[in-house]
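An overview of the molecular structure
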Amino acid sequence: MSSAAITQSAAGPEWSLPSRGRVGMGSLIAAESAIFTIFVVAYLFYVGKDVSGPSPKDVLEVPVFGTICLLSSSLTIHLAVRALRAAKIGAFGLWWFVTMALGAIFLIGTGREWHRLIYERGLTIDSNLFGTTYYSLVGLHAFHVTAGLAGILLVMVLTLVGKVQVEHSERVEVFSLYWHFVDVVWVIVFTVVYVIGR
């Protein structure tokens, strides 16, 4: 065994700094997590303290189908990244499109829920404390889903024109971390709004 190998063995395994993309995405997720925490705490603090207007149990319906779609999209985006790393561009495009479709279904469901709450139940953002905190929290998440879908759509277009190749798998995987974050946040929002808050 060479002296260099002995020195490396004694010093332990080699390590390297994470990519700038991962550091940047990690920083973004940390900052966004702090913002969501504030909104979640506000919702929990004010829910049930209204003296007038509809309450959560009166107007909310549990969005089971939309939740299944959104959480399933974490699996499909994982499969897309894995396919790209294996240089299976066709499979990547398919799973990426399915991810986009599942996210869009969830967002459409949120829009339909808001339409029902506003025009059938009379719950607006200024109806009471529940309305204010509900639309703020769920709306913040919907904004992040929309931003994620915009990114997914861009990658889909680039894939269709042949601009996405295996060497881009690191960037695509970094972006997928954001989408996983959006899904994890929805688990928290769903629990707080549709389980605890009711």
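Just above, that's the structure.
What you see as residue numbers is a count from 1 along each chain, following the sequence as written. It should be noted that, the model being predicted, local features are given only for residues of pLDDT at least 70 and side-chain atom pairs only at 80 or more, the latter also being counted only at that level, while totals for whole chains, interfaces and linings use all residues. Side-chain numbers come from the whole structure's heavy atoms, not from hydrogens or water.

**Overview of the overall build of the protein chain**
Selection criterion: Numbering of helices and strands starts at the N terminus; helices are DSSP runs of H or I of at least 4 residues and strands are runs of E of at least 2. To get the radius of gyration, use the C-alpha atoms; to get the globule rule, take the number of residues to the power 0.38 and multiply by 2.2 Å. Burial here depends on accessible area, computed with a 1.4 Å probe over protein chains only, as a share of the maximum for the residue type. Under 20% is buried, over 50% is exposed, and the range in between is partly exposed. Throughout, a residue-residue contact means that at least one pair of heavy atoms, one from each residue, lies within 4.5 Å. With residues, only the protein chains shown are counted as cover, and all accessible areas are computed by Shrake-Rupley using a 1.4 Å probe. The convention is simple: Lys and Arg are positive, Asp and Glu are negative, and His and the chain ends are not counted. Charged groups are reduced to one reference atom each: NZ for lysine, CZ for arginine, CG for aspartic acid, CD for glutamic acid.
Per the secondary structure count, the protein chain includes seven helices and zero strands. Helices and strands appear in the protein chain in the N-to-C order α-α-α-α-α-α-α. Here the protein chain has a C-alpha radius of gyration of 21 Å; the compact-globule value for 198 residues is 16 Å, and the former is much larger. C-alpha atoms of the protein chain, sized along the principal axes, occupy 80 × 40 × 20 Å. Burial analysis of the protein chain (198 residues in total) assigns 39% to the buried set. Taking the intrachain contacts of the protein chain between residues at least 6 apart in sequence as the baseline, contacts between residues at least 24 apart amount to 82%. Carbon and sulfur atoms make up 68% of the accessible area of the protein chain, which amounts to about 11,100 Å² in all. One way to put it: in the protein chain the 13 positive side-chain charges average out to a point 5 Å from where the 12 negative ones average out.

**Considering the packing of helix α6 (residues 129–160) against helix α7 (residues 169–196)**
As a reminder, the rule being used: Fitting a line to C-alpha atoms yields each axis, with helices limited to the stretch in contact; the angle taken between N-to-C directions then spans 0 to 180 degrees. In these notes the angle categories are as follows: under 35 degrees is roughly parallel, over 145 is roughly antiparallel, 65 to 115 is roughly perpendicular, and the rest is oblique. Note on convention: near helix rotated counterclockwise from far helix by under a right angle means a left-handed crossing. Clockwise means right-handed. In this classification, Asp, Glu, Lys and Arg are treated as charged, Ala, Val, Leu, Ile, Met, Phe, Trp, Tyr, Cys and Pro as nonpolar, and every other residue, Gly included, as polar.
As a packed pair, α6 and α7 sit with axes 10 Å apart at the nearest point and diverge in direction by 160°. Between α6 and α7, the interaxial angle falls into the category roughly antiparallel. Read as a crossing pair, α6 and α7 show a hand that is left-handed. Taken together, the residues of α7 that come into contact with α6 (itself represented by Y134, L137, V138, H141, H144, V145, A147, G148, L149, G151 and I152) are F175, Y178, W179, V182, V185, W186, V189, V193 and Y194. Within the contact of α6 with α7, the residues separate by chemical class into 16 nonpolar, four polar and no charged.

**Overview of a nonpolar patch on the surface**
So the rule is basically this: Patch members must show over 30% relative accessible area and no salt bridge, and they are joined within 9 Å when carrying like charges or within 5 Å when they are nonpolar side chains of Val, Leu, Ile, Met, Phe, Trp or Tyr. A pair is scored as a salt bridge if a Lys or Arg side-chain nitrogen falls within 4 Å of a carboxyl oxygen belonging to Asp or Glu.
A cluster of nonpolar side chains, contributed by L153, L154, V157, L158, L160 and V161, occupies part of the molecular surface with about 570 Å² of accessible area. Counting through the fold element by element, L154 comes out in helix α6.

**Some remarks on the packing of aromatic side chains**
Let me state the cut-off plainly: Working definition: rings of Phe, Tyr and Trp (its six-membered ring) pair if their centres are within 6.5 Å, and the pair is stacked with planes under 30 degrees apart, edge-to-face with planes over 60 apart, and tilted otherwise.
Taken as a whole and judged by the stated rule, the model has 13 aromatic pairs. Here F45 and Y46 contribute two aromatic rings whose centre-to-centre distance is 5.0 Å and whose plane-to-plane angle is 85°, an arrangement assigned as edge-to-face. When the centroid spacing of 5.2 Å and the interplanar angle of 35° are considered together, the rings of F92 and W96 count as tilted. With F92 and W96 both in helix α5 (residues 89–119) and four residues apart, this pair spans about one turn of that helix. Across the pair, exposure class does not vary: F92 and W96 are buried alike. Here the aromatic residues Y43, W114, F130, Y134 and Y135 are joined through ring pairs into a cluster of three or more.

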